[in-house]
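Below, each chain spelled out in residue letters.
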Amino acid sequence: MITPSSVLILCTVVLSTVYAQPQYFNFPQQQQYSAEETDYHAPAQYKFDYAVHDPHSGDVKSQWEERDGDAVKGSYTVHDPDGSVRTVEYYADKENGFNAIVKKQGNSYHPPVYGSKDEFF
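Residues numbered from 1 in each chain as written. Predicted model: local features only at pLDDT ≥ 70, side-chain atom pairs only at ≥ 80, totals over all residues. Heavy atoms only, no water.

An unreviewed UniProt entry lists the protein chain under the name Cuticle protein 19, with Rhynocoris fuscipes given as the organism.

**What to know about the overall build of the protein chain**
When you go through the protein chain residue by residue, the secondary structure sums to one helix and five strands. Traced from its N-terminal end to its C-terminal end, the protein chain shows the element sequence α-β-β-β-β-β. By residue count, 15% of the 121 residues in the protein chain fall in the buried class. Taking the contacts inside the protein chain whose residues are at least 6 apart along the sequence as the reference set, 14% of them involve residues at least 24 apart. In the structure as shown, the protein chain presents an accessible area of about 11,000 Å², 57% of it carried by carbon and sulfur atoms. (Helix = DSSP H or I, 4+ residues; strand = E, 2+ residues; numbered from the N terminus. Buried < 20%, exposed > 50% of the residue type's maximum accessible area, 1.4 Å probe, protein only. Contact = heavy atoms within 4.5 Å. Areas by Shrake-Rupley, 256 points an atom, 1.4 Å probe, with all protein chains shown as cover.)

**Quick notes on the packing of aromatic side chains**
With the rule as written, the count across this model stands at three aromatic pairs. Ring plane angle 20 degrees and centroid distance 6.3 Å describe the contact between Tyr46 and Phe48, whose orientation is recorded as stacked. The exposure class of Tyr46 is partly exposed, given its relative accessible area of 33%. Between Tyr76 and Tyr90 the ring centres are 6.5 Å apart and the planes differ by 50 degrees, which places this aromatic pair in the tilted class. Pair noted here: Tyr76 is in strand 3 (residues 71–79) and Tyr90 is in strand 4 (residues 85–93), with a separation of 14 residues, a long-range link. These aromatic residues form a ring-pair network of at least three members: Tyr76, Tyr90 and Phe98. (Phe/Tyr/Trp six-rings, centres within 6.5 Å; stacked < 30°, edge-to-face > 60°.)

**Looking at the pairing of strand 3**
Here strand 2 (residues 59–68) pairs with strand 3 via eight bridges, running antiparallel. Bridge pairing in strand 3 links Ser62 to Thr77. Hairpin remark: strand 2 followed by strand 3, antiparallel, with two residues in the connecting loop; positive phi at Gly69, about 70 degrees. In this sheet, strand 4 lies alongside strand 3 in antiparallel orientation, the contact comprising eight bridges. Paired with Lys73 across the bridge in strand 4 is Tyr91. The turn linking strand 3 back onto strand 4 is made up of five residues, and Gly83 within it adopts a positive phi angle of 95 degrees. (Pairing = 2+ DSSP bridges.)

**Observations regarding the side chain of Asp93**
Within the fold, Asp93 resides in strand 4. There is no salt bridge for the buried Asp93, and the closest opposite charge comes from Lys94, which lies 10 Å off by N-O distance. A polar contact of 2.7 Å, which involves the side chain of Asp93, links it to the backbone nitrogen of Asn96. Once residues lying within four places of it in the same chain are set aside, the contact partners of Asp93 are Asp70 and Ala71. (Lys, Arg positive; Asp, Glu negative; His and termini not counted. Salt bridge = Lys/Arg side-chain N within 4 Å of Asp/Glu carboxyl O. Polar contact = N/O pair within 3.5 Å; in protein donor to acceptor, adjacent residues only side chain to side chain.)

Shown next as structure tokens:
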């Protein structure tokens, strides 16, 4: 059964849906970047380095690297499980490719019994 109040409610819902305005929120404007400001063909340049010294796990290592255009050079050092220290110095460019010099310092030590961790402490 249709009552005048149900017709009034139906008309109110229909009209409010038809004439509803979108809600705009005042979010801060983000800076716009244009393609003209970014040079995607510029030579790459970066530098980084890091080091790890974790006495709990025995993990000791470090690395640095830098790049200027097509030339990359760097070095990393790792304390190997046999007790020696391995250092790799490298350089790479378009003309010469990748070149590395590997140095190993210290004597390798292997425990007399496999898995005998007491030998290291």
